[in-house]
Structure formats: C-alpha cells, structure tokens
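Okay, here's what each chain looks like letter by letter:
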Amino acid sequence: MKFRAKIVDGACLNHFTRISNMIAKLAKTCTLRISPDKLNFILCDKLANGGVSMWCELEQENFFNEFQMEGVSAENNEIYLELTSENLSRALKTAQNARALKIKLTNKHFPCLTVSVELLSMSSSSRIVTHDIPIKVIPRKLWKDLQEPVVPDPDVSIYLPVLKTMKSVVEKMKNISNHLVIEANLDGELNLKIETELVCVTTHFKDLGNPPLASESTHEDRNVEHMAEVHIDIRKLLQFLAGQQVNPTKALCNIVNNKMVHFDLLHEDVSLQYFIPALS
Amino acid sequence: MLKCVMSGSQVKVFGKAVQALSRISDEFWLDPSKKGLALRCVNSSRSAYGCVLFSPVFFQHYQWSALVKMSENELDTTLHLKCKLGMKSILPIFRCLNSLERNIEKCRIFTRSDKCKVVIQFFYRHGIKRTHNICFQESQPLQVIFDKNVCTNTLMIQPRLLADAIVLFTSSQEEVTLAVTPLNFCLKSSNEESMDLSNAVHSEMFVGSDEFDFFQIGMDTEITFCFKELKGILTFSEATHAPISIYFDFPGKPLALSIDDMLVEANFILATLADEQSRASSPQSLCLSQKRKRSDLIEKKAGKNVTGQALECISKKAAPRRLYPKETLTNISALENCGSPAMKRVDGDVSEVSESSVSNTEEVPGSLCLRKFSCMFFGAVSSDQQEHFNHPFDSLARASDSEEDMNNVCCRKEFNGSDAKYFCII
C-alpha cells in the first residue's frame, strides 16, 4: 500500500481543512477511504454510533496537486484507514498560511498518516512541521460494511431551511426535551416539534420547496399536505448541524416515515450524506 | 520591609509574572533586596524553579530595607524577608490583567511584618481603592545553584517563534523534546509518550538556525522537559517583548530559559529527563521510589538527632567560576544524582568531609532507572551584598530555620581540585 498527496494551493488547503474540521464535529472516529479518484470519510451505522451513519465524498483532483496511491491489490485498488478525526483536524489547522502540505502513509513504530506542513518564515529557510497521526489499516474482509449506504425511497423529500437558523431553533428545543419530531410534506413545509407532558413546541418552516423529481412522481398518488414524520434523538441532529460551518450549495432532507431521516448536502466539490435513524 | 508602587501597565507585567510562576508552584516567595523585587518559586518535586526580578527602576517607587541580625560570630548578617505567599490567594487578584491595565491608576504593595501580611492596594479612577490583605508564611527563600553561562548550548529566540511551535502540541502533552544540531532546531512530542499512548499524535517542528537571534550549539543534543512550565514562561515573555535565551547541556542537566530586559529579569530552570535508561520508568514507580527514599532520609536524620538538636549546615562562600575543568563537570553530574547524602553536624565552623562520605554520595547503579528528573542544587538566597544573579555560585547558602524546612535534608560534598562547596536539597 502506498499513499502520497500534496496540496500547494492555499484555497484548496483551506477548503480541505474546513472539511476535516466538519468531519471532526460529526464523528469521533471515522474511516478514511482512499481510491484513485476519490477520498471518502465514512461512518458506518454501528450501534456504537447510535445508528448514525455518514458518507462524505471528495473528488481528489479538486484538492490535490499531486496524488499517488496503490491499494491492497490491483483488483482492490483502495485503502481503508481508521483514525480519530480530531487528530487530522488539528494537524491541518496548523497548516493555515502554509506554503505546501503533504500527506503520506508511513510506518514509524506504528502505522501513521504523516502530515507535513511547510510554513512560511521570515528567513530563507522554511519551518517544517510534521504530525504523525496513528491509524489502523482496515483489512479487506471488513470493507463490505463501509460501502456507500443505499438510499431508500423517501416518503417526502424537501429542501432544508438555512442550517444556522435550524441549528438555533434545535438548540433551544433541546432545553425542553431530548426527543424531537421532524415532519415534512410535499407542499414545501417542514416542522420541528417537541412534545412533553407540560408543553408542546413547534417551529414551522414554509415554502421550502420539494425536488422536482420526487414531487412529480408522487404527486398524483397522495395528498401533498400529508406529513411524513420521524421521531429522533435531538442530540444527533444537533451534532449534524454543529458540523455545518458554511451553508451548502444544496441541502436536502429525505424522510422515510417512522424509519429515518437522510440529509443530503452538497458543498462545492464535496458531498455529504448523514443518516439519523428513528427512535424505536 | 517592602514598599513599592506601579502603574497600570506595570501591573500587567507583574501579573503576567505571577501567572507564569503559578504554572510551576502553588506558592512563591516575595524577596525584596537592593537589586529589586524578586518573585521566586520551586515546584514540589524540585524539578522546576522560577524567579522574576523586577529592577527598582521598574517601579514608580521602590523602597526596601533589610532586617539586620547580630550573629553568634558578632558579624552583621543581612537576612531576607521571609515571605511565602499562596498562589491561590494571589492569582485571583491578578486575573483580568487587561482590565487592570486600563482601569487602575496605581498599585501599591507593602508588607506589614508585625502582622505577617502583604497588602496590595489598587487605586482606581474616581477615588476608588481596593485593598487586599494577604497573610504570608515565614519561610526562607530558595535559590537554585546553576550557572547557565557554563552551558554548552545557547539559543536566543523571539517569543513569537516559540509560541508558533507550542500551538502544535495538545494541551494533554506533558513533556516535549528539544533537539538541536549546529544547523537545526527541533521541538517535538516526547517519544516516551507516543509509545505509551497508541492514539497520540506525534508532532515536531523544525526551524532553521537563521531564524534565531543567537544560535550556538557545542554538541548535538536532545533534551526532554515538562511542557506546562514552558507555556507559563511564554505567557510572561509576551508581556515583555524581549527575546528568550535558552541554555542547556545534555539530558539530565537542567535547562534554563531567561528573559533579560532592562527592567525585568526572569530565569526559569527546568529539570530534564535523564538518560535513556530512565525513560522506561513509569510515573507511579517513580513516585513510590522517591517516597521511600525520603522516608529513609528522614529516618537517618532522626537517628542522628537523638539529642533533639536541630541540624544546621553552613558552608563557606564559594568562589565564582566562569569555566570549570572537565573533572569538575563530572563531579557536578555525580552530585546531581545524590542518593545517600552525607550528614554531619557542624559546630560553628565548616569541617572537611571525609573521602568515604564522597563515595557514599554515589547513586546505586540500579536505582538510576527510577530517577526521572535530576534534582537541582538549591540553597537559601545569599545575603551577600555583592551577589550577582547570573552567578549563583557566589551565594552563601544557609538552611532555613523555619519548621517546615526541618524536613529538608542537606548533603554536602567537596569537589576534588576545587575549593567550592555545594548543597543539595532533596
């Protein structure tokens, strides 16, 4: 296995750093999948994650000036690494205003992802910062659990409101209850609802719009005002919202009635899918 | 007796010094003298020492007088103010330094020896005055006996560069390693920790020698020391905007970080991790070993003082030396590993230490593994009028007569080929 990549463009480096920072907020431990064309940050839906899963995808050529990798074999030309997201995020944070960044798979005392940063300095010589991040190489037999999740046909698909607004609302609701109902319909309406013995609080978002394909295919079958709903743990939703520093280009919410919420975000050059299961 | 006055901006610097020292110890000495006001502290394991000396001209007003005491030899001896303060009492007073700098017009600090109190008064605008009365404990100030000018390696660096390097490490990092060659400087995570914690990130930063104001490396060296104290020192250096000088030799020898401004002089002495062998020890076994060792020493001391008479050790003044022969350096190294101090009652005059007691001071080879950080030389602050801070070997060391220091054990050793005598407090 070999992996070596380099970023010399400042804007690309900042962007990659922001993605790493987002991942660190969404998942404590995750899998980094390296393939010839893409990088993926993966969180599979183990019970340890509370059933939450994540699939984040980057086209490597949009970020890296140099990118060389050799997988475990010619047939399975991929590398799967488990790492603590915070470690990568912190290492990249030191790369602000860097001249160049290199990422390499190394083996020093233990398998590492080595991040090398060449910093600008006042004198002629450069400062070199190196971080050796411990990783675990995931064996081939476990790869099947780390494939792209199958997206079920949603009952309702709807565009999300501004995530910052949504986060603000959800944060206040958390003070009342840990259970939240998210419901939406094909008329562009999404509601966030908290119900306890003492109080019921609902925030209504209107005119959000529904993706054309979804509304078109189901329009004739049912009442557009009918609400599909999912009962979820509010903390998982907050964790998802906390990771979103910049409003994405496209933000879609898919609801499978009483089963799961699927968030589909598209930033420039990055796609993120986040699955929150319903509370049983 | 002490009386001094500072302005708002001076309070900020003073407060930064207190904050830096709070990283080393929970208490510190207030030690006024002719040279100015010194704040001194040493941590509980005697592996770190800090001293910040404020010149008399730092203050708007500085007044100091020494207590004069007639000794048994009918010689006038000047004693230092025995004033030890708890950091817990002082630190909150100097917490919001930016606010203090902006809002107070004057700060006045004086001592009331009759009541064992230090009074700190802040004078604000509109006639508002805030007064803190802090009780102090009578304790003789300590001073580290370490001559940084004989160190093989010397660096001078702007604080900003060190601050950039420090950002690399997590707050949970306990030790860092400094590695130098004649052309390069490297600060990195301690290798020991990355072995223990399989999930720890190992970070390092290389800086070229041309980024330093001064870069003199006598030999390639790699030393490991505590990270917490280094961060404290940087906190203080940001307030003075003066370069930091770093002096060190080899693993096991102390590291000195100095800031020398016209108005403020700061010296921080940190113990470094000893040889490769000791890196294998675990912190817990180290503590147990130290505890056992101290118990043995106390027992010995009790045995030798069946009559109940207090142990007193007095030493002649050591002649100042800039350079030491190789032989002396070896002796210094041996003394730093003192494990079995030679204890002898001294009646008035200093008597010669026998040759057999010299061999007694040598460490049992097996126990070297258990010593993590070498202890440093400590003695009471000299009352010598001609004392030069940069040459602590000038000091005439005197053990404290306060009750707390009774638990300290003194050992003494004479070096071959030298008339200097040194104390080691364990």
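Each chain carries its own residue numbering, running from 1 in the direction its sequence is written. As a convention, the first chain written is A and the first ligand written is 1, with the rest following in written order. Local features in a predicted model are, by the rule used here, given only for residues with pLDDT of at least 70; side-chain atom pairs are given and counted only at 80 or more, and totals for whole chains, interfaces and linings are based on all residues. Computation of side-chain values: all heavy atoms of the structure, hydrogens and water removed.

- Naming follows UniProt, where chain B appears as Cell cycle checkpoint control protein RAD9B of Homo sapiens.
- UniProt positions are given in the numbering used here, feature names are shortened, and annotations may be inferred rather than shown by experiment. In UniProt, chain B has this text filed under Sequence similarities: "Belongs to the rad9 family."

- The name given to chain A in UniProt is Checkpoint protein HUS1, with Homo sapiens as the source organism.
- According to the UniProt record, the Subunit (literature references left out) comment for chain A is "Component of the toroidal 9-1-1 (RAD9-RAD1-HUS1) complex, composed of RAD9A, RAD1 and HUS1. The 9-1-1 complex associates with LIG1, POLB, FEN1, RAD17, HDAC1, RPA1 and RPA2. The 9-1-1 complex associates with the RAD17-RFC complex. HUS1 interacts with POLB, HDAC1, FEN1, PCNA and RAD9B. HUS1 does not interact with RAD17. Interacts with DNAJC7."
- On record in UniProt, under Sequence similarities, the comment for chain A is "Belongs to the HUS1 family."

1. Describing the sheet that holds strand 3 (residues 38–43) of chain A
All names here are of chain A.
Consideration 1: A pair of strands is considered paired only if DSSP assigns at least 2 bridges between the two. Working definition: helices are DSSP H or I runs of at least four residues, strands are E runs of at least two. Numbering for both runs from the N terminus. Reading across from one edge, 10-6-2-3-4-18-17-16-11 is the order of the 9 strands in this open sheet, with antiparallel pairing throughout. The open sheet has two free edges, formed respectively by strand 10 (136–137) and strand 11 (156–159), since each of these has just one partner strand.
Consideration 2: Note that strand 3 and strand 4 (residues 53–59) share 6 bridges and pair antiparallel. Looking at the pairing, lysine 38 lines up with glutamate 59 of strand 4.
Consideration 3: Along the sheet, helix 5 (residues 234–242) contacts strand 17 (260–267) and strand 18 (270–277); its crossing angle with strand 18, the most-contacted strand, is approximately 170 degrees. Should any heavy atoms of two residues lie within 4.5 Å, those residues are counted as being in contact. Fitted lines through C-alpha atoms give the axes, limited to the stretch in contact for helices. The angle between two N-to-C directions lies from 0 to 180 degrees.

2. Focus on the sheet that holds strand 14 (residues 175–180) of chain B
Consideration 1: The sheet built from 9 strands is open, its strands ordered 5(A)-1(A)-7(A)-8(A)-9(A)-16(B)-15(B)-14(B)-18(B) with antiparallel pairing. Strands at the two margins of the open sheet, each flanked by one partner only, are strand 5 (66–70) of chain A together with strand 18 (221–226) of chain B. Sheet twist, expressed as the mean angle between neighbouring strand axes with direction ignored, is 15 degrees.
Consideration 2: The pairing of strand 9 (residues 127–134) of chain A with strand 16 (residues 202–208) of chain B spans 5 bridges and is classified as antiparallel. Counterpart to Thr130(A) in the pairing with strand 16 of chain B is Glu204(B).
Consideration 3: Across the sheet, helix 6 (residues 227–240) of chain B lies against strand 14 and strand 18 of chain B, angled at about 85 degrees from strand 18 of chain B, the strand it touches most.

3. So, the packing of helix 1 (residues 10–26) of chain A against helix 2 (residues 85–93) of chain A
Residue and element names in this part refer to chain A.
Consideration 1: At their nearest, the axes of helix 1 and helix 2 sit 8 Å apart, and the two run at 150 degrees to each other. As summarised for this structure, helix 1 and helix 2 are arranged roughly antiparallel, according to the angle between their axes. Taken as a pair, helix 1 and helix 2 cross one another with a handedness that is left-handed. Side by side, helix 1 and helix 2 meet where Phe16, Thr17, Ser20, Asn21, Ile23 and Ala24 of the first sit next to Ser85, Glu86, Leu88, Ser89, Leu92 and Lys93 of the second. Small angles under 35 degrees read as roughly parallel and large ones over 145 as roughly antiparallel, with 65 to 115 read as roughly perpendicular and the rest as oblique. The crossing is said to be left-handed when, going from far helix to near helix, the turn is anticlockwise and less than a right angle, and right-handed when the turn is clockwise.

4. Topic: the pattern of salt bridges
Consideration 1: Criterion for a salt bridge: a side-chain nitrogen of Lys or Arg within 4 Å of a carboxyl oxygen of Asp or Glu. If you walk through the whole model with that rule in mind, you get 12 salt bridges over all chains.
Consideration 2: The salt bridge partner of Glu78(A) is Arg33(A), with a shortest N-O separation of 2.5 Å. With a gap of 45 residues between them, Glu78(A) in the loop between strand 5 and strand 6 (79–84) and Arg33(A) in strand 2 (residues 29–34) connect regions that are remote in the sequence. With respect to class, Glu78(A) is no different from Arg33(A); both count as buried.
Consideration 3: Among the salt bridges present, the one from Asp31(B) reaches Arg40(B), with a minimum N-O distance of 2.8 Å.
Consideration 4: Several salt bridges share partner residues, and in doing so they unite Lys38(A), Glu57(A) and Glu59(A) into one network. We call a residue buried when its accessible area falls under 20% of the maximum for its residue type, exposed when it is over 50%, and partly exposed in between, using a 1.4 Å probe and counting protein chains only.

5. Describing the side chain of Asp31(B)
Consideration 1: Considering the arrangement of structural elements, one finds Asp31(B) in strand 2 (residues 27–33).
Consideration 2: Looking at Asp31(B), its side chain comes within polar contact range of the side chain of Arg40(B), at 2.8 Å. Counted as a polar contact is a pair of N or O atoms within 3.5 Å, where, for protein atoms, one must be capable of donating a hydrogen and the other of accepting one, and residues adjacent in sequence contribute only when both atoms are in side chains.

6. Structural notes on the nonpolar core
Consideration 1: In this structure, Ile182(A) and Phe94(B) are the most contacted members of the largest nonpolar core, which totals 154 residues.
Consideration 2: No other element matches helix 1 (residues 8–22) of chain B, which puts 7 residues into this core.
Consideration 3: In this structure Ile182(A) touches Met166(A), Leu190(A), Asn191(A), Leu192(A), Ala228(A), Glu229(A), Val230(A), Ile232(A), Cys253(A), Ile255(A) and Val261(A), once residues within four positions along its chain are discounted.
Consideration 4: In these notes, a set of buried Ala, Val, Leu, Ile, Met, Phe, Trp, Tyr and Cys residues joined through side-chain atoms within 4.5 Å is what counts as a nonpolar core. With 13 residues, the next largest nonpolar core counts Tyr49(B), Phe146(B), Ala256(B) and Ile269(B) among its residues.

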